[in-house]
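Each chain, letter by letter, is given below.
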Amino acid sequence: MSTVLPLHAQDPASYRDRKKAMWLLSVMAPAAVVIGPVAYLQGYTHPLWFFASLIAFYIGIPLMDAIMGEDLSNPPEAAVPRLEADGYYRWINYAVVPVLWCSLLFNVVFLATHDLPWYSWLATTIVTGSMLGFGLNLSHELGHKKDWIGRKMGLFNSALGGYGHFSIEHNRGHHRHVATPEDPASSKMGETIYRFMFRELPGAFFRAWDLETERLDRLGKSVWSIDNEIVQAGLVTALLYGGLTWAFGTQMIPILAVVAFWGAFQLTSANYIEHYGLSRLKKADGRYEHCQPHHSWNSNHIVSNLVVFHLQRHSDHHANPTRSYQSLRNFPELPTLPSGYFGMFLAAYVPPIWFAVMDKRVIAATGGEVDRINFLPAKRAKLMRQFGLKESSAGQAAAKQA
């Protein structure tokens, strides 16, 4: 089902963003993580209250995506400068920051001061970590901004989950190497999300550290100076987590550990589905072709896009990284996900389902051209036999040389 929201043809003067008020969902969604603790404090102690937000995120949003369908409309290109200049959209970004910080503090303090059954404890830590996924998505949006305030707010916000290296790795690493075998944040066809996690999580940190080391070296500064943005974010995380542990005791340590891990894993989940199996062509000079919209998986599902700042229009984001969420476009004939991110996360967590859903889509999206497929090397031969693929002439020559 596809829904094209009303659009004033291509008249930029009369164009109005029909989703303008609905972007407020991105502010309200992270606040939903306090439902379980608030219900408990009001005397509603049934365990289902602690699972309510998880059910809403991972079942409710995919169901709403299926019901509401997709929005395939784009703003007229001539209206984009006006959209970009409208401060309303930036203030929505800023409004999410206190929601994230207050919700995290409320939930972790609640967990540290109440004796709960293990399943209620786990549900609350997981859903709080899911909220950090919203936070990293916000840092992603702000981190691409050209102004100092936006970028610093993105850095500060990523420190909430102990992931302060994110913007460095993403902007200067992932965007440069996306959809290539060299990118730890681009998943390979045949790779499970769990194997990807062990490559992506450490790979992202070390790439960010190396990039920041190189930047500071060019400036003649020590990597351990306060000018190191990873150090800046790390100090915020240490102050926050250390203060919480000092105030509420060592029971805070496992709470923060699980919350931070699940928040990072939500970013891993997004990275896993965004470029799965897609590869840019390598040119004769050894460089890769410029990143194009068809090197990312796209989704136009309305509800999930509204709560993740159009992150799912990922194809246009990589083609135009500084373009703000309200201006991102859909393109025809893009690699397309069958659901929004929340539904695809669930599929990814069960690898046989993921492979059944996505591997055939990789073949369709690439036309079966093996040079356009980013294979997990150990699965390459098996997948080529499974889908009846033939090695390219370049691949045959490389195999002979090896």
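On a predicted model such as this, the values are computed, not experimentally measured, just so you know.

Criteria and thresholds
Residues numbered from 1 in each chain as written. Predicted model: local features only at pLDDT ≥ 70, side-chain atom pairs only at ≥ 80, totals over all residues. Heavy atoms only, no water. 1 Å grid on protein atoms, 1.4 Å probe; cavity = no way out; pocket = protein on both sides within 12 Å on 5 of 7 lines; lining within 4 Å. Points joined across faces, edges and corners; volume = space filled by probe spheres on them. Helix = DSSP H or I, 4+ residues; strand = E, 2+ residues; numbered from the N terminus. Nonpolar A, V, L, I, M, F, W, Y, C, P; charged D, E, K, R; others polar. Patch = residues over 30% accessible without salt bridge, like charges linked within 9 Å, V, L, I, M, F, W, Y side chains within 5 Å. Areas by Shrake-Rupley, 256 points an atom, 1.4 Å probe, with all protein chains shown as cover. Salt bridge = Lys/Arg side-chain N within 4 Å of Asp/Glu carboxyl O. Lys, Arg positive; Asp, Glu negative; His and termini not counted. Charge placed at Lys NZ, Arg CZ, Asp CG, Glu CD. Buried < 20%, exposed > 50% of the residue type's maximum accessible area, 1.4 Å probe, protein only. Expected span 1.5 Å × (residues − 1).

Engineer: Describe in detail empty space enclosed by the protein, supporting the description with residues and values.
Structural biologist: Overall, the coordinates contain 7 cavities of 30 Å³ or more when judged by the stated rule. Quantified by volume, the largest cavity comes out at close to 250 Å³. Lining the largest cavity are 20 residues, with Gly133, Asn137, Gln266, Ala270 and Leu311 positioned closest to its centre. Elements that contribute at least two residues to the lining of the largest cavity include exactly helix H6 (118-143), helix H8 (166-177), helix H11 (252-274) and helix H14 (341-348). Ranked by residue count, the leading element in the lining of the largest cavity is H6, at 6 residues. For the lining of the largest cavity, the residue count by class is 11 nonpolar, 8 polar and 1 charged.

Engineer: Give a description of the layout of surface pockets that names residues and reports values.
Structural biologist: Computed from the structure, the second largest pocket encloses a volume of approximately 260 Å³. Along the walls of the second largest pocket sit 14 residues, with Gly143, Arg151, Ser167, Asn171 and Glu229 positioned nearest its centre. With 5 residues, H8 is the single largest residue contributor to the lining of the second largest pocket. Within the lining of the second largest pocket, the residues separate by chemical class into 3 nonpolar, 6 polar and 5 charged.

Engineer: Hey, could you go over a positive patch on the surface for me, with residue numbers and the actual values?
Structural biologist: A cluster of basic residues, Arg195, Lys379, Lys382 and Arg385, forms a positive patch at the surface. Among the elements that take part in the positive patch, helix H16 (residues 377-386) stands out by supplying 3 residues, more than any other. Relative to the assigned elements, Arg385 resides in helix H16. Exposure remark for Arg385: the relative accessible area of 63% places this residue in the exposed category.

Engineer: How would you explain the pattern of salt bridges if you had to name every residue and give the values?
Structural biologist: Pairs can form between side chains of opposite charge once their charged atoms are near each other. Enumeration according to the criterion identifies 18 salt bridges in this entry. A salt bridge links Glu77 to Arg323, with the nearest nitrogen and oxygen atoms 2.7 Å apart. With Glu77 in the loop between helix H3 (48-68) and helix H4 (80-85) and Arg323 in the loop between helix H13 (314-319) and H14, this residue pair connects regions lying 246 residues apart in the sequence. Arg323 sits in the buried class, given a relative accessible area of 13%. When the shortest N-O distance is used, the salt bridge between Arg90 and Asp147 registers 3.1 Å.

Engineer: Just give me the short version of H6, but keep the residues and values in it.
Structural biologist: With 26 residues, H6 should reach 38 Å at 1.5 Å per residue; the first-to-last C-alpha distance of 37 Å fits that figure. For H6, the tally of buried residues reaches 22 of 26 residues, placing the bulk of the element in the interior.

Engineer: Give a description of unusual backbone geometry that names residues and reports values.
Structural biologist: The phi dihedral of Ala179 falls on the positive side, at around 60°, and the residue is not glycine. Relative to the elements of secondary structure, Ala179 occurs in the loop between H8 and helix H9 (193-218). In this structure, Phe309 takes a positive phi of about 55° despite not being glycine. Among the secondary structure elements, Phe309 is positioned in the loop between helix H12 (302-307) and H13. Residue classification places Phe309 among the buried positions, given a relative accessible area of 4%.

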